[in-house]
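Each chain is listed here by its residues.
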Amino acid sequence: MIKQSDAPFRLLTQRHGATLAYTQMLDPHKLLEDRDYLEFHQRDLTFGRDAGNETDGSVVVQLCGNDPEIIVQAGKKIQGLCSGIDLNLGCPQEHAREGHYGGYLLAKKDWPLVQTIGKHHVIPVSAMSHLLQPPTSVKLRLCPSSSPPSSTVEFATLLEQAGASWVTLHARHVSARRRRQGAADLDVVRTLKAALRVPVVSNGNVRTWEDVQRNREETRSDGIMVGETLLGNPCIFANVIPDPFQVSLEYLEICKELPDIATHKTIETHVRHFIEFQCSRRPWYNKFRTALPACEGIHDIEHLLRTKVTRWRGKAALKNHDACTDDLEYTTD
């Protein structure tokens, strides 16, 4: 999730049931050529690791690209700060199409290239296994619709042979215009699970905890990945629908504990997602959307939530601006 998988948010999700978190897709060229970019993400991973002592804190760094040497060299810059490295073969966005990476490496003509990248990422499986320390995974989408239906399973089998430690499948086709074009085809995930020896993670068709359970039952996958729904409900893996106001305050408190990790824009966007997920149809929501961008820092956002938003919701304003996480009240299904 672009600029939405910062360390404070990852920690929030892991406090509430997520067992493994991913970074946003990182550009290996920038990790090698842009010192500020590298140091920003190293700091994010370091702070996230240190703060994750209260949880497992496991994080996978997601890389993109089509140059095996560049990807390996970039991986070496962050390999000591993560639990795994993921090669993204699912990004459907226009910049991925233009750069020929992500979901635009799924055509059969690119399979040899991707297998080469995979071999650069594996733990002891081939002569190149010592290039990177952590295990490597691959996240992909369905192979192009012009390919035979069995192509996705065939390709994933080759990735397993190249050394992928696990495979995540978002069972939709790549589309730059419509990222979630139709429902994910969970039958393909189930077929993939039966075909591979390594663990398979299913991604797609999740809005509620019941969807998580249904997806797991239908696919028999080893895990469930959730993306955009998690932005609205970071507690989904705990089978909890949190009060959006309180979970916003909890996130802000983590941001204060991990300063200068999430940008102000990222923080603002997270809070908007938390509130929007449950309150987008409330009469006061547009006033909130207007007021939020005017906030200049964490304390401004907190003040907005504790005064105006509380008043708009018909509740008494909270006077104690320091009590953020001790007064959390959650509702369970």
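Given the structure is predicted, the values throughout are model-derived calculations rather than measurements. (Residues numbered from 1 in each chain as written. Predicted model: local features only at pLDDT ≥ 70, side-chain atom pairs only at ≥ 80, totals over all residues. Heavy atoms only, no water.)

Student: Sorry, what's going on with helix α4 (residues 68-78) here?
Tutor: Since one α-helical turn is 3.6 residues long, residues separated by three or four positions face the same way. Taken residue by residue, α4 has Pro68, Ile71, Val72, Ala74, Gly75 and Ile78 as its buried positions. Each buried residue of α4 lies within a common arc of 165 degrees when the element is viewed along its axis, so the set occupies one face. Sitting at the head of α4, Asp67 places a side-chain oxygen 3.0 Å from the backbone nitrogen of Glu69. (Buried < 20%, exposed > 50% of the residue type's maximum accessible area, 1.4 Å probe, protein only. Helix = DSSP H or I, 4+ residues; strand = E, 2+ residues; numbered from the N terminus. Arc of directions from axis to C-beta. Polar contact = N/O pair within 3.5 Å; in protein donor to acceptor, adjacent residues only side chain to side chain.)

Student: It is not clear to me how the sheet that holds strand β3 (residues 84-89) should be interpreted in this structure. Could you clarify?
Tutor: Pairing between the strands of a sheet comes from backbone hydrogen bonds, and it takes one of two forms, parallel or antiparallel. Spatial ordering of the open sheet is given by β1-β2-β3-β4-β5-β6-β7, a layout of seven strands whose pairing is parallel. Either end of the sheet is taken by a strand with one partner, and the two such strands are β1 (21-26) and β7 (223-225). Neighbour-to-neighbour, the strand axes of the sheet open up by a mean angle of 25 degrees, direction not taken into account. Inspection of the sheet shows strand β5 (residues 166-170) paired to strand β6 (residues 200-203) by four bridges, in the parallel sense. Across the sheet, the residue bridging to Leu169 is Ser202, located in β6. Sheet strands in contact with helix α9 (residues 209-219) are β6 and β7, and its direction is about 130 degrees off that of β7. (Pairing = 2+ DSSP bridges. Axes fitted to C-alpha atoms, helices over the stretch in contact; angles between N-to-C directions. Contact = heavy atoms within 4.5 Å.)

Student: What exactly am I supposed to notice about the side chain of Gln14 here?
Tutor: Within the element layout of this structure, Gln14 appears in helix α1 (residues 7-15). Within the structure, the side chain of Gln14 is placed 2.9 Å from the backbone oxygen of Ser58, a separation counted as a polar contact.

Student: Can you help me understand helix α11 (residues 244-257) in this one?
Tutor: With 14 residues, α11 should reach 20 Å at 1.5 Å per residue; the first-to-last C-alpha distance of 20 Å fits that figure. Among the 14 residues that make up α11, 12 are buried, leaving the element largely enclosed by the rest of the structure. (Expected span 1.5 Å × (residues − 1).)

Student: Where do I start with the nonpolar core in this structure?
Tutor: Where a protein is soluble and globular, its nonpolar side chains tend to be buried together. Ranked by size, the top nonpolar core spans 46 residues in total, and within it Leu89, Leu140, Phe155, Val167, Leu169 and Leu192 carry the most contacts. If you look at the next biggest cluster of nonpolar residues, it comprises 39 residues, including Ile254, Leu258, Ile261 and Val309. (Core = buried A, V, L, I, M, F, W, Y, C linked by side-chain atoms within 4.5 Å.)

Student: Could you clarify how one ought to interpret the packing of aromatic side chains in this entry?
Tutor: Per the stated rule, a full pass over the model turns up four aromatic pairs. Aromatic side chains Trp284 and Trp312 sit 6.4 Å apart centroid to centroid with 25 degrees between the ring planes, which places their arrangement in the stacked category. Highlighted residues: Trp284 in the loop between α12 (264-279) and α13 (285-291) and Trp312 in helix α14 (residues 298-312), separated in sequence by 28 residues. For Trp284, a relative accessible area of 7% corresponds to the buried category. We classify Trp312 as partly exposed; its relative accessible area is 21%. (Phe/Tyr/Trp six-rings, centres within 6.5 Å; stacked < 30°, edge-to-face > 60°.)

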